[in-house]
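Okay, here's what each chain looks like letter by letter:
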Amino acid sequence: MSNATVEHFATLRGTLRVPGDKSTSHRALMVSALADGESTIRGLSSGLDVTATSQIMEQLGATRDDRDDVVTIIGPTKGLHASDDALDCGNSGTTMRLLAGVVSGVPGEHQLVGDASLSQRPMDRVAEPLTLMGSHVEGRGARLSAPLRIRGTAALHGIDYAVPMSSAQVKSAVLFAALGAEGPTTVVEHVRTRPTTEEMFSRAGVSVASVESGEGRRITIHPGRPLARNWLVPGDPSQAAFFAVLGCIHPDADIEVLDIDSAPERIGFLSVLRRMGATMTVRSPDSMTSFRVRSSQLNAAEVYASEIPSVDEVPVLVVAAAAAEGLSRFRDVGELRVKESDRFQASLALATKLGCRAWSEGDDLFVEGLGSATRFAHFELDAALDHRLVMASAVAGCAGAGCSIGAAHTVASSYPRFFDDVERLA
Ligand code: S3P
């Protein structure tokens, strides 16, 4: 357990690249392992979550070779096979949920385990559709938490499935299982979530049709083995969000972040900050987005979960709301409760520790801002195995009066260099 002490830095200046997108990194490893032959991945995230996925793909029969920043994955010609050892997903919900889809199509018994945080998280949301496809999934308690036992089979069949919550992980688990199923599979989502899986499948030669309808999307895929490809991983927008908020609320900052994934489902936080009055320029010349933010006087905003479908950026936007003038409202953000920690309660607690009045009504969160991060109180917080809480707290401490974060080492799940990157800006 390591503690981090974060000080207020007088000035923040600089340009940075955040780690490779975690979502793309997991999927690049899985798609490459499922393909026959040699794929390469540039810009892979070095976070522990992605390392867990990589090690599991090796356990299932893929081989990995690293040269400079290029990772080569060779998918076995005969396809993946079950491992005698448990598949350790660590802290990573994306690993466990997507993997549940992958191994459902790999004949044999699979045991999926995780750390204390992951072992609390609901896996019934993937077990339900995978069972409908012919997989057999056992877990603990009513919500089927890890450890999971999955009996994979080569005889899965395609389904039509409406994902009941907003979740790219559930959608992706079904799509991965659908690769080896008999007949097509259609997944309907009521809110458009990150399209990473279906876009990467399509680039790997899998037949995918994706149609938008209302706020949602209908994705149909035909079974098929992905082709080996050369993948380039863009920067991770969810990590960039910490620097976007830091640049806005810090009293003397000018920060540029280069080349992040530009999917609209990922960069909603930039629109929210713009609405709050951020001094910001955004460029998307090609498939990637870069932005520059400067110290800004923020105003309160009304934020809807559909703008930020994974709600990953909500804790740090709560910090922005705490520095803004007026009452911010975060609508329909109940999914925060089932992330790496209960981020719903943790966001309320963080805003309160900073000195704000903050409360909830149902799935809505309310934060009355202090008008400036210079009014934040110094605070102490335990990150409870939640990397995004470490970073949201560090942003508040660095822009405000400093803080002390317990169990800060958990930042390595997604962003091992986070504290170094903040210090470089100082
Ligand atoms: C992810 C989806 C989101 C997000 C997570 C990564 C993905 O989870 O919170 O960090 O890569 O598919 P949900 O599917 O639970 O929204």
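Look up a bit, the structure's there.
If you're wondering where the values come from, they're calculated on a predicted model, not measured in any experiment. (Residues numbered from 1 in each chain as written. Predicted model: local features only at pLDDT ≥ 70, side-chain atom pairs only at ≥ 80, totals over all residues. Heavy atoms only, no water.)

**Thoughts on the packing of aromatic side chains**
Next up, step 1: Tallied over the full model, the rule gives eight aromatic pairs.
Next up, step 2: Each ring, one from phenylalanine 242 and one from phenylalanine 418, has its centre 6.2 Å from the other, and the planes form 70°; the classification is edge-to-face. Here phenylalanine 242, found in helix H7 (residues 237–249), pairs with phenylalanine 418, found in helix H12 (residues 418–425); they are 176 residues apart in sequence, far enough to count as distant. Across this residue pair, the class does not change: phenylalanine 242 and phenylalanine 418 are buried.
Next up, step 3: Ring centres of phenylalanine 243 and phenylalanine 418 lie 5.8 Å apart, and the angle between their planes is 50°; on these two criteria the pair is classed as tilted. Placement of phenylalanine 243 in helix H7 and of phenylalanine 418 in helix H12 is noted, with a sequence separation of 175 residues between them.
Next up, step 4: By relative accessible area, which is 1% here, phenylalanine 243 ends up buried.
Next up, step 5: By way of ring pairs, the aromatic residues Phe242, Phe243, Tyr415, Phe418 and Phe419 are connected into one cluster.
Next up, step 6: A cation sits over an aromatic face here: arginine 337 above phenylalanine 344, 4.0 Å from the ring centre. (Phe/Tyr/Trp six-rings, centres within 6.5 Å; stacked < 30°, edge-to-face > 60°. Helix = DSSP H or I, 4+ residues; strand = E, 2+ residues; numbered from the N terminus. Buried < 20%, exposed > 50% of the residue type's maximum accessible area, 1.4 Å probe, protein only. Lys NZ or Arg CZ within 6 Å of the ring centre and 35° of its normal.)

**Some remarks on the pairing of strand S4 (residues 63–67)**
Next up, step 1: Looking at chain direction, S4 and strand S5 (residues 70–75) are connected through five bridges and run antiparallel. Looking at the pairing, arginine 64 lines up with isoleucine 73 of S5.
Next up, step 2: Between the antiparallel neighbours S4 and S5 lie two residues, among them aspartate 68 with a positive phi of about 50°. (Pairing = 2+ DSSP bridges.)

**Concerning the site of the ligand**
Next up, step 1: Near the ligand there are 13 residues, and of these Ser23, Arg27, Ser167, Asp312 and Lys339 occur at the shortest range.
Next up, step 2: In this structure, an oxygen atom belonging to the ligand sits 2.7 Å away from a side-chain N or O atom of serine 167.
Next up, step 3: At a separation of 3.0 Å, an oxygen atom of the ligand approaches a polar backbone atom of alanine 168.
Next up, step 4: For the ligand, the protein covers 96% of the area, taking 380 Å² as the surface of the free molecule.
Next up, step 5: Counting only elements with at least two residues in the shell around the ligand, the list comes to helix H1 (22–34), helix H3 (93–104) and helix H5 (168–178).
Next up, step 6: Within the shell around the ligand, the residues separate by chemical class into one nonpolar, six polar and six charged.
Next up, step 7: No fewer than three residues from each of domain 1 (3–19 + 234–425) and domain 2 (22–220) sit in the shell around the ligand. (Near = heavy atom within 4 Å. Polar contact = N/O pair within 3.5 Å; in protein donor to acceptor, adjacent residues only side chain to side chain. Areas by Shrake-Rupley, 256 points an atom, 1.4 Å probe, with all protein chains shown as cover. Nonpolar A, V, L, I, M, F, W, Y, C, P; charged D, E, K, R; others polar. Domains from an automatic or database assignment.)

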